[in-house]
Each structure stands twice: as C-alpha cells, then as structure tokens.
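Structure assessment
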Amino acid sequence: MSKVVTLRKSGNSLILTVPADLKNQVGSKYSVENRSDGSIIYQPVKKLNIFDNPDWQKYDYQKDLMEDPELQPLKPVGKERLEE
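What comes next concerns the included structure.

Rules of the game
Residues numbered from 1 in each chain as written. Predicted model: local features only at pLDDT ≥ 70, side-chain atom pairs only at ≥ 80, totals over all residues. Heavy atoms only, no water. Helix = DSSP H or I, 4+ residues; strand = E, 2+ residues; numbered from the N terminus. Rg over C-alpha atoms; globule rule 2.2 N^0.38 Å. Buried < 20%, exposed > 50% of the residue type's maximum accessible area, 1.4 Å probe, protein only. Contact = heavy atoms within 4.5 Å. Areas by Shrake-Rupley, 256 points an atom, 1.4 Å probe, with all protein chains shown as cover. Lys, Arg positive; Asp, Glu negative; His and termini not counted. Charge placed at Lys NZ, Arg CZ, Asp CG, Glu CD. Phe/Tyr/Trp six-rings, centres within 6.5 Å; stacked < 30°, edge-to-face > 60°. Salt bridge = Lys/Arg side-chain N within 4 Å of Asp/Glu carboxyl O.

Some thoughts on the overall build of the protein
- Broken down by element type, the protein carries 2 helices and 4 strands.
- Taken against the 2.2 N^0.38 rule, which gives 12 Å for 84 residues, the C-alpha radius of gyration of the protein at 26 Å runs more than 25% over that of a compact globule.
- Considering only C-alpha atoms, the protein reaches an extent of 75 × 30 × 25 Å along its principal axes.
- Going through the 84 residues of the protein one by one, you find that 0% of them count as buried.
- In the protein, of all internal contacts separated by at least 6 residues, the share reaching a separation of at least 24 is 5%.
- For the protein, the accessible area works out to roughly 8,800 Å², and carbon and sulfur atoms hold 53% of it.
- Within the protein, one finds 13 positive and 13 negative side-chain charges whose respective centroids are separated by 13 Å.

Here it is, written out as structure tokens:
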C-alpha cells in the first residue's frame, strides 16, 4: 500500500499529512529519521517504563531511604512535636 503525500510548510514547520485510512490515533507520537538517501522514516514511540531498565530493577529503595539525609524524618525545632 503506497500513498503519496505532499510536504507543506506551515509557519516554521514542515508538514507531511497522514491519510485517514491508516487509522492512527490523533496524538500518537513518532520518532523521525531523515536518511542520507532522502527517505524519511517515522516509527511509533513506545512508552518507556524506567523500571524495565536492569539498573532500576537492582535499585535498593530501603537502603536509599536509610542513607540519604534528605529522605530522613525531620527533627522538630519548635512546637511541631505536640505529642510524644
């Protein structure tokens, strides 16, 4: 299935229209690659899950909570401690 579209200029942008029969949803995101032979490749952008990264799978949250001073409970300095 081959479609012919025309490259248009709108303000500072160039526009390639997508025929409606391709059934893509409005708002879909694509990465664009301009190849040296003049072809332009659009590929759908997959939503990245940072927890699929092996570094995040090995991350020790509890250790970080214990060692990071910014994540430690605050010590009251005035009348914040109302009950003990």
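Things to note about the packing of aromatic side chains
- In this structure the tally under the stated criterion is 3 aromatic pairs.
- On the basis of an interplanar angle of 70° and a centroid distance of 5.8 Å, the ring pair of Phe 51 and Trp 56 is categorised as edge-to-face.
- The class for Trp 56 is partly exposed, based on a relative accessible area of 34%.
- Note on Tyr 59 and Tyr 61: the rings are 4.6 Å apart at their centroids and 80° apart in plane angle, and the pair reads as edge-to-face.
- Relative accessible area serves as the criterion here: at 40%, Tyr 61 is assigned to the partly exposed category.
- Grouped by ring-pair contacts, the aromatic residues Phe 51, Trp 56, Tyr 59 and Tyr 61 constitute a single cluster.

Looking at the pattern of salt bridges
- A complete count under the given rule lists 1 salt bridge for this structure.
- Residues Arg 35 and Glu 33 are paired through a salt bridge, measuring 3.3 Å at the closest nitrogen-oxygen approach.
- Looking at Arg 35, the relative accessible area reads 41%, which means it is partly exposed.

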